[in-house]
Amino acid sequence: MSTVESRPRVGAGVNRVDGPRKVTGTAPYPMDFSVPGQAYGALVQSTVAAGRIVRIHTEAAEGAPGVITVLTHENAPKVGAGPVTVLGASPPAPLRNDRIVHHGQHIAFVVAETPEQAGAAARLVRADYEATEPLLDLQDPRAEQLVDPWGTDTSRGDPAAALESAEVSLRATYTTADNTNNPLGLFATLAVWEGDTLTVHDTSQWPSMVRTTLAMVFGIPESSVRVLVPYVGGGFGAGLRAWPHVVLTAMAARMIKRPVKLVLTRPQMFTSIGHRPSGVQWLSVGATRDGALVALDHRSLSSLSMEDSDYEPFASGTAFAYRCPNVITQDRQARLNIAVPTSMRAPAEAQGNFALESALDELARELRMDPLELRLRNHTDVDPRNGLPWSGKALLECYEIGARRFGWFDRNPEPRSMRDGNWLVGYGMASAWFPYFAQPCAAQATVNRDGSALVRSAATDIGTGTYTVMAQLAAEELGLPLDRVRFDLGDSDMPNSMMAGGSGLTGALGNAVHDACRRLVRSFAELACGDADSPLLGCSPDDVECTDGRIHPAGRPGLGESYADILARHGLSELTANGNSTPPVPTELGMSLAGAYGAKFVEVRVDADLGLIRVARVVSAIDGGRILNEKTARSQIIGGTIGGIGMALFEDTVTDPRTGRIANGTFADYLVAVNADVPDLDVVFVGEPDRGTATGTKGVGEVGLVGIAPAIANAVYHATGKRIRELPITLDAML
């Protein structure tokens, strides 16, 4: 069957279909849901980072006004373990025992008639501890280290020998801080039991996973669990797990036989829903004098909690970033008494790319070579790991167009050579990439008697525009105006979806929507092509197109009939088809699946006396494959860029080295980039639809952040001559 095969490379900048609900305040976020008779929960957290609870005092809380129950490890029912997902094991079940593994760990759950009563009673709970010395230093030799925990270490050639014989070599250490996701919306859970059936409103980027987790934890069929997430107030990776507070809320609701609602406080967001792990990276680079890379040795050590797993192989991206015959990448994780790390926008690549792209800038300086020229000389059109061509890689075009828009070649390359009054001016650049990621996905498409369409999947829209771009894609495949298509999501009863994370949802879900819509069109065509009363009688279902709600022979829009006419003649109120997508296999394609690529160019201004840094300009040239909606895609790159500015200059979750307490766990103390820190951001999309998938898309949620931190650090070096290898770059490092 041939629907519309010719597609634009960049789709129209359509306004978000959910925009009116958001700007009028009628979009229901998880914390907005309430049901009759609900009670309210409040968390009690540990005040030590390691040890055990000797005794927990709940009497005062239990006697406080409005309190219904107080759950602790002494009276909480035992529950099962959650699943192991592609992102690792589920977090440990809450209130399992008396062991304390991090400051802020949940040690009790108070349920009361009002949120104020629950909060007040939670402050009355006291615990006696047998505290032990916490492990908090990433390089503490006592910390257990996991070697290659995810099987991602790589090695080709003989890097050690190549480094030894290299004409030019560089060795450096780079450090990245613990950052906290900090979405604007506070995470919330509302749990409602009706017998053995559980309905949960939750802040999640993956409703299908939360359903599976709760079913396993409580020992009930998945069909007895429904998870609803129509809107999410941001996530940045924090919503990719079913956290202990979700289980606690459902546990309490089951015990008291009433709905229970919990809304985390902002400080609790710092210890309850993950954070970007801190890390140290050791990078050695060898090259010839004309700039050809001969060796890359990239090793990392990142933080991990005592009882959890987190997928974060910092060094892995170096294995395929550039043409180089001798490469080794190794990743380790150290178990510490810290809250559980988790994915945060551009996980692993944000940190690994900072080290590699900073090191290449240093190498370019040693070679007296333009940093862009060094990258051009080591560009590869094939995947160095297997020799297969990439399914789509327009990085060279990103370099060319980005450099031209930025004015890269207008600079004086010498450090401290450019000035504007008392401001030292610096230019920096970096390559960016985020690897291809997808999981199986399903969607369902229905056309109704009135000619409108409904497409559904259990995905979430975390602000990326999923509601909009999936409606656009379905409208295109079905040949309907956009205002005649509705896309529904955020309900685990809908067809199974992968997570909204890893820049994978648009591709995986888009391919499932593509499949469902094509199957639906074929079903209509088969009805019509065998119907003596249809103008399509005798046509092949393999040779039809859809335009303006009508099915017609390819190239003959005047001959055909509408969906509504076909349904009416056959006495049907609707017709439905299901679609699926699975990640393609590179060896079967004959191509390595390419993620998104980009080139980032940054201008900074540094006060010559004070060391104050201001980002003046950013140009991001992005190969995102086929762009379904230029407006929402551009918004993703802008948001990622702002996150990259925060990572480079501001964000640092500070843990007290003695107690393990997070010292800046509020918006008053944890610095993020605000409007005054963000200049006008120039975004340009280049490249063609990716050849590896039916829709030709790539995800752009992560690649917007990748490369910004090293580009800023490289620009700071150009402005000042100071090479900063530790993030964030703070004033004390500049003075």
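This is a predicted model, so every value here is computed, not measured.

## Overview of the overall build of the chain
What the chain contains, in helices and strands, is 18 helices and 30 strands. Taken against the 2.2 N^0.38 rule, which gives 27 Å for 735 residues, the C-alpha radius of gyration of the chain at 27 Å falls within 12% of a compact globule. By principal-axis analysis of the C-alpha atoms, the chain measures approximately 80 × 75 × 50 Å. Among the 735 residues that make up the chain, the fraction classed as buried is 62%. Counting every atom, the chain has about 26,800 Å² of accessible surface; 51% of that belongs to carbon and sulfur. Distance between charge centroids for the chain: 2 Å, based on 65 positive and 83 negative side chains.

## Focus: the packing of aromatic side chains
For the structure shown, the criterion picks out 14 aromatic pairs. Between Y29 and Y231, the ring centres sit 5.8 Å apart and the planes meet at 55 degrees, which makes this aromatic pair tilted. One end of the pair, Y29, is in the loop between helix 1 (19–23) and strand 1 (39–45); the other, Y231, is in the loop between strand 14 (225–228) and helix 6 (244–256), and 202 residues separate them in sequence. Considering the side-chain rings of Y231 and Y467, the 5.5 Å spacing of their centres and the 35 degrees angle between planes classify their relative orientation as tilted. Of this pair, Y231 sits in the loop between strand 14 and helix 6 while Y467 sits in helix 12 (residues 466–478), and the two are 236 residues apart along the sequence. Across the pair, Y467 and Y231 agree in class, each one buried. An aromatic cluster of three or more residues is present, and its members are F406, W408, Y427 and F601. Above the plane of the ring of W408 lies R411, whose end atom (NZ or CZ) is 4.1 Å from the centre.

## With respect to the state of the cysteines
Within this structure, the stated rule accounts for 0 disulfides. In this structure C441 is a free cysteine whose sulfur lies 13 Å from that of C517, the closest cysteine sulfur available. Residue classification places C441 among the buried residues on the basis of a relative accessible area of 4%. Just so you know, C539 is unpaired, no disulfide at all, and the nearest cysteine sulfur is the one on C529, 5.2 Å from it. C539 gets classed as partly exposed once you look at its relative accessible area, which sits at 22%.

## Comments concerning the side chain of T271
Looking at the element boundaries, T271 is found in helix 7 (residues 266–272). A polar atom in the side chain of T271 sits 2.9 Å from the side chain of Q45.

## Observations concerning the pattern of salt bridges
Oppositely charged side chains can pair when the atoms bearing their charge come close. Counted by the stated rule, this structure contains 41 salt bridges. As a salt-bridge pair, R405 and D682 come within 2.8 Å of each other at their nearest N and O atoms. Taken together, the residues R405 in helix 11 (residues 395–406) and D682 in strand 30 (residues 681–686) connect sequence positions 277 residues apart. Residue classification places D682 among the partly exposed residues on the basis of a relative accessible area of 24%. The closest approach of N and O atoms between R522 and D542, which form a salt bridge, is 2.5 Å.

## Things to note about the pairing of strand 1
Across the 7 residues of strand 1, 5 count as buried, placing the element largely inside the fold. Pairing geometry for strand 1 and strand 15 (residues 260–263), over 2 bridges, is parallel. Looking at the pairing, A39 lines up with V260 of strand 15. Where strand 1 lies against strand 7 (residues 106–112), 6 bridges are found, and the strand directions are antiparallel. Residue pairing in the sheet places Y40 in a bridge with A112 of strand 7.

## Some thoughts on the sheet that holds strand 2 (residues 51–57)
Pairing in this open sheet of 3 strands is antiparallel, and the strands run 6-2-8 from one edge to the other. For this open sheet the edge positions go to strand 6 (99–100) and strand 8 (126–131), each flanked by a neighbour on one side alone. Relative to strand 6, strand 2 is paired through 2 bridges, and the arrangement is antiparallel. Looking at the pairing, R52 lines up with R99 of strand 6.

## So, the packing of helix 5 (residues 207–218) against helix 6
Interaxial distance between helix 5 and helix 6 falls to 11 Å at its minimum, and their mutual angle equals 50 degrees. Considering their axes alone, helix 5 and helix 6 lie oblique with respect to each other. In this structure, helix 5 crosses over helix 6, and the sense of that crossing is right-handed. Facing helix 5, whose interface residues are L214, V217 and F218, helix 6 presents V246, V247, A250, M251 and R254.

## Notes on the side chain of T329
In this structure, T329 sits in strand 18 (residues 327–336). Judged by relative accessible area, which is 0%, T329 ranks as buried. Engagement of the side chain of T329 in a polar contact is seen with the side chain of T154, the distance being 2.7 Å.

## Quick look at unusual backbone geometry
The omega torsion of the bond from L727 to P728 falls at -5 degrees, within 30 degrees of zero and hence cis. Mapping P728 onto the fold places it in the loop between helix 17 (708–720) and helix 18 (731–734). Positive phi, close to 60 degrees, is recorded for R416, a residue that is not glycine. On the secondary structure map, R416 appears in the loop between helix 11 and strand 19 (419–420). Even without being glycine, D548 reaches a positive phi, approximately 50 degrees. Residue placement: D548 occurs in the loop between strand 24 (544–547) and strand 25 (550–553). Given the relative accessible area of 64%, D548 is considered exposed.

How each quantity is defined
- Residues numbered from 1 in each chain as written.
- Predicted model: local features only at pLDDT ≥ 70, side-chain atom pairs only at ≥ 80, totals over all residues.
- Heavy atoms only, no water.
- Helix = DSSP H or I, 4+ residues; strand = E, 2+ residues; numbered from the N terminus.
- Rg over C-alpha atoms; globule rule 2.2 N^0.38 Å.
- Buried < 20%, exposed > 50% of the residue type's maximum accessible area, 1.4 Å probe, protein only.
- Areas by Shrake-Rupley, 256 points an atom, 1.4 Å probe, with all protein chains shown as cover.
- Lys, Arg positive; Asp, Glu negative; His and termini not counted.
- Charge placed at Lys NZ, Arg CZ, Asp CG, Glu CD.
- Phe/Tyr/Trp six-rings, centres within 6.5 Å; stacked < 30°, edge-to-face > 60°.
- Lys NZ or Arg CZ within 6 Å of the ring centre and 35° of its normal.
- Disulfide = S-S within 2.5 Å.
- Polar contact = N/O pair within 3.5 Å; in protein donor to acceptor, adjacent residues only side chain to side chain.
- Salt bridge = Lys/Arg side-chain N within 4 Å of Asp/Glu carboxyl O.
- Pairing = 2+ DSSP bridges.
- Axes fitted to C-alpha atoms, helices over the stretch in contact; angles between N-to-C directions.
- Parallel < 35°, antiparallel > 145°, perpendicular 65-115°, else oblique.
- Left-handed = near helix turned anticlockwise from the far one by under 90°.
- Contact = heavy atoms within 4.5 Å.

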